[in-house]
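Architecture and fold: a report
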Amino acid sequence: MATPSRALLLLLLPLLAVATSHPSHEFCAAGGGDSGAGCSGGGDGARILIKGGTVVNAHRAEEADVYIEDGVVVAVRPNIPVGDDNVRVIDATGKYVMPGGIDPHTHLAMEFMGTVTIDDFFSGHAAALAGGTTMHIDFVIPVNGNLTAGLESYKQKAANAAMDYGFHMAITKWNDEVAREMEVMVKEHGINSFKFFMAYKGSLMVTDDLLLQGLQKCKSLGALAMVHAENGDAVAEGQQRMIDLGITGPEGHALSRPPILEGEATARAIRLAKFINTPLYVVHVMSIDAMEEIAKAKREGQRVIGEPVVSGLVLDDSWLWDPDFTIASKYVMSPPIREVGHGKALQAALSSGILQLVGTDHCTFNSTQKAFGSDDFRKIPNGVNGLEERMHIIWDSMVESGKISITDYVRVTSTECAKIFNIYPRKGAILEGSDADIIILNPERSFVMGAHAHHSRSNTNVYEGRKGKGMVEVTISRGRVVWEDGILNIAPGSGRYVRMQPFGYVFDGIEKSDAAYRASLRAPVQRGKAAA
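Residues numbered from 1 in each chain as written. Predicted model: local features only at pLDDT ≥ 70, side-chain atom pairs only at ≥ 80, totals over all residues. Heavy atoms only, no water.

Per an unreviewed UniProt entry, the recorded name for the protein chain is dihydropyrimidinase, and the organism is Digitaria exilis. Check the Subunit (unreviewed entry) section of the UniProt entry for the protein chain; it says "Homotetramer." (UniProt positions renumbered as here; feature names shortened; annotations may be inferred.)

Next up, the structure:
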């Protein structure tokens, strides 16, 4: 007899098959080998021994076995004996055993530009797990500026989650109630980061005075301030300029918001954060202009975190000029994918540590939704895919090319995110006591990407036809084998919300630097009263 979760998933299979263009046999109920061919793997209480692989953490790589029990890593050392028949043994000889990826930047089931992203928490998690990502942090959008209402909405959206997830919170307006709610989010709901949009004038954008108040509140709470850095006023002007010139297609999107506007907003946000003396996280760094502002700030000792996304690292904007609107429009995102040269510069910045971790900004819309802007690029829903592709593309473009080491690969795809958002070493590591979120990557296997093979519900893929080397063959989520031999083994509702505590390592020493600043002021000066 099917369990409730299995029964629910079996009811969903026909819908999933239509939505993802995948045959239903690729989705199996979690925890059972009796529901169809290829359905196998552990549950939270399973015992798994991974033998013969190279275990890679951000700090070192070593030949070792990994023993997992009850969803937790119990031992990491060479030659762990099998013990008894109730332990499942996975042979990882010649392969890399690494922490599952953590994507710091996604938008699942998000209402945006008159529609909703095509991937919800279940299809998004299916894509993520098939690509070796075992946790992500999504952005809660407030409801009419109300943070509590926004969080309740996203809790409902995440009810069908199939892997671990956390939340950032967007701030779209400012008043005393928002400030109070921020404190509640941090202290009661495990949210330790808040995002401020410097773009999207008339909807999400905040002005500098509100940003300053938000930065101050983040500092007091030990929460990380994040910014979408584009000059929203100038973008609005640029958009109207393109329309006046008769440029209404997808190319107008890139032309209306050039790199200089991203660089200007990045510089402004960095300077305001310096004025407040609080750490700053710049999301989706897409241009040399923005990257150089981050590099300058870091050279001066400021705490600025730069997050490139996969699309910005490996794509260029030539696709936006494609004569086929369906092709061109799928590349529309903000900030835009830049012209040739920016991606290579961002890769170099990632390899040198100027940029610290890689996200996706996974925000998918299908071709029908993108067609909302067929006569006006301003109405094309902004967003591209990447949750399933990120781990493979970074391995192929950065490790296979020699730009980063295998330990750096773990750092930029998992560990750094866990450290920044204060969930390390529970996440982002294969250490005794860590959650058993693990991937096994075969460096000799090749891949071909495209909408025909992905698990996103979108009918398009910005990496269509991309080939590369390095394949995630096994994904383990909290001790359950959820991806193996090209088959997903997941159930809606099996995901878990991960609370993230405030005052992560990026806040270390802030109080001392504040004290040093106050001591340097040589003020107030004690003066006698001026003579009448």
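We are not done yet, so read on.
So, the overall build of the protein chain
What the protein chain contains, in helices and strands, is 16 helices and 21 strands. Rg of the C-alpha trace for the protein chain: 23 Å, near the compact-globule value of 24 Å for 532 residues, within the 12% margin. When the backbone C-alpha atoms are referred to their principal axes, the protein chain occupies close to 95 × 60 × 45 Å. Considering the protein chain as a whole, with its 532 residues, one finds that 59% of them fall into the buried category. Of the roughly 20,400 Å² of accessible surface on the protein chain, 53% is carried by carbon and sulfur atoms. Here the protein chain holds 51 positive side-chain charges and 62 negative ones, and the gap between their average locations is 6 Å. (Helix = DSSP H or I, 4+ residues; strand = E, 2+ residues; numbered from the N terminus. Rg over C-alpha atoms; globule rule 2.2 N^0.38 Å. Buried < 20%, exposed > 50% of the residue type's maximum accessible area, 1.4 Å probe, protein only. Areas by Shrake-Rupley, 256 points an atom, 1.4 Å probe, with all protein chains shown as cover. Lys, Arg positive; Asp, Glu negative; His and termini not counted. Charge placed at Lys NZ, Arg CZ, Asp CG, Glu CD.)

Overview of the side chain of H392
Take H392: it is sitting in helix α14 (residues 390-399). A relative accessible area of 5% places H392 in the buried class. The residues touching H392, leaving out its near neighbours within four places in the chain, are A130, G131, F447, M449, G470, M471 and V472. (Contact = heavy atoms within 4.5 Å.)

Here we look at unusual backbone geometry
Residue S334 is joined to P335 through a cis peptide bond whose omega torsion reads -10 degrees. With respect to the helices and strands, P335 occurs in the loop between α11 (325-329) and α12 (342-352). In the segment running from Y424 into P425, the intervening peptide bond is cis, with an omega of 5 degrees. By the element assignment, P425 lies in the loop between α15 (406-420) and β18 (438-448). With a phi angle near 55 degrees, M113 is a residue other than glycine that sits in the positive phi range. Examined against the element boundaries, M113 turns out to sit in the loop between β10 (111-112) and β11 (115-116). Not every positive phi belongs to a glycine, and Y200 is a case in point at roughly 65 degrees. As for its position among the elements, Y200 is in the loop between β14 (193-197) and α5 (208-221). Accessibility expressed as a relative area gives 16% for Y200, which makes it buried.

Points about the nonpolar core
Judged by nonpolar contacts, the single largest core of 110 residues is most densely connected at F194 and Y409. Sequence-distant contacts of Y409, defined by excluding residues within four places in its chain, comprise M98, M391, I394, W395, V399, I404 and L441. By size, the runner-up hydrophobic cluster in this structure holds 20 residues, among which are F139, M226, I305 and C417. (Core = buried A, V, L, I, M, F, W, Y, C linked by side-chain atoms within 4.5 Å.)

Quick word on the pairing of strand β9 (residues 101-106)
For β9, a buried count of six out of six residues is recorded, marking the element as mostly surrounded by other parts of the structure. Note: β9 against strand β12 (residues 133-140), four bridges, orientation parallel. From the neighbouring strand, D103 faces β12, where its bridge partner is H136. (Pairing = 2+ DSSP bridges.)

A closer look at the sheet that holds β12
In space, the seven strands of this open sheet follow the order β9-β12-β13-β14-β15-β16-β17, with parallel pairing throughout. Of all the strands in the sheet, just β9 and β17 (304-306) have a single pairing partner and so form its edges. Strand-to-strand twist in this sheet, taken as the mean axis angle between neighbours without regard to direction, amounts to 25 degrees. Examined bridge by bridge, β12 and strand β13 (residues 164-171) share six bridges and lie parallel to one another. (Axes fitted to C-alpha atoms, helices over the stretch in contact; angles between N-to-C directions.)

Focus on the UniProt feature "modified residue: N6-carboxylysine" (unreviewed entry) in the protein chain
Within this numbering scheme, the UniProt entry marks K195 as carrying the feature "modified residue: N6-carboxylysine" (unreviewed entry). Relative to the helices and strands, K195 is located in strand β14. Under the relative-accessibility criterion, K195 is labelled buried at 1%. Setting aside residues no more than four positions away along its own chain, K195 makes contact with H105, H107, F139, M169, A170, I171, M226, H228 and V283.

Considerations on the pairing of β14
A large share of β14 lies buried, amounting to five of its five residues. Here β14 shows no split at all, with S193, K195 and F197 on one side and F194 and F196 on the other all buried. Summarising the sheet, β13 and β14 pair through three bridges and their orientation is parallel. Along β14, the bridge assignment pairs I171 with F196. Taking the sense of rotation as the criterion, the β-α-β connection linking β13, helix α4 (residues 176-189) and β14 turns out right-handed. Sheet analysis places β14 next to strand β15 (residues 224-228), joined by five bridges and oriented parallel. Each residue of the ladder has a partner; that of F196, found in β15, is V227. (Right-handed = clockwise from strand over helix to strand, strands pointing away.)

Digging into the pattern of salt bridges
A full pass over the atoms with the stated rule returns 29 salt bridges. Through salt bridges with shared partners, one network takes in D164, R426, K427, D435, D437, R478 and R496. (Salt bridge = Lys/Arg side-chain N within 4 Å of Asp/Glu carboxyl O.)

Regarding the confidence of the model for the protein chain
Within the protein chain, residue pLDDT values average 92, and 92% of them lie at 70 or more. Ignoring residues within four places in sequence, the model shows residues 1-43, a span with pLDDT below 50, making 78 contacts including any to other chains. (pLDDT = per-residue confidence, 0-100.)

A closer look at the environment of M500
On the secondary structure map, M500 appears in the loop between β21 (487-489) and α16 (510-520). Exposure remark for M500: the relative accessible area of 0% places this residue in the buried category. With 299 residues separating them along the chain, M500 and K201 place their C-alpha atoms 30 Å apart. Filtering out sequence-adjacent residues up to four positions away, M500 remains in contact with I137, G166, F167, G190, I191, N192, F421 and I423.

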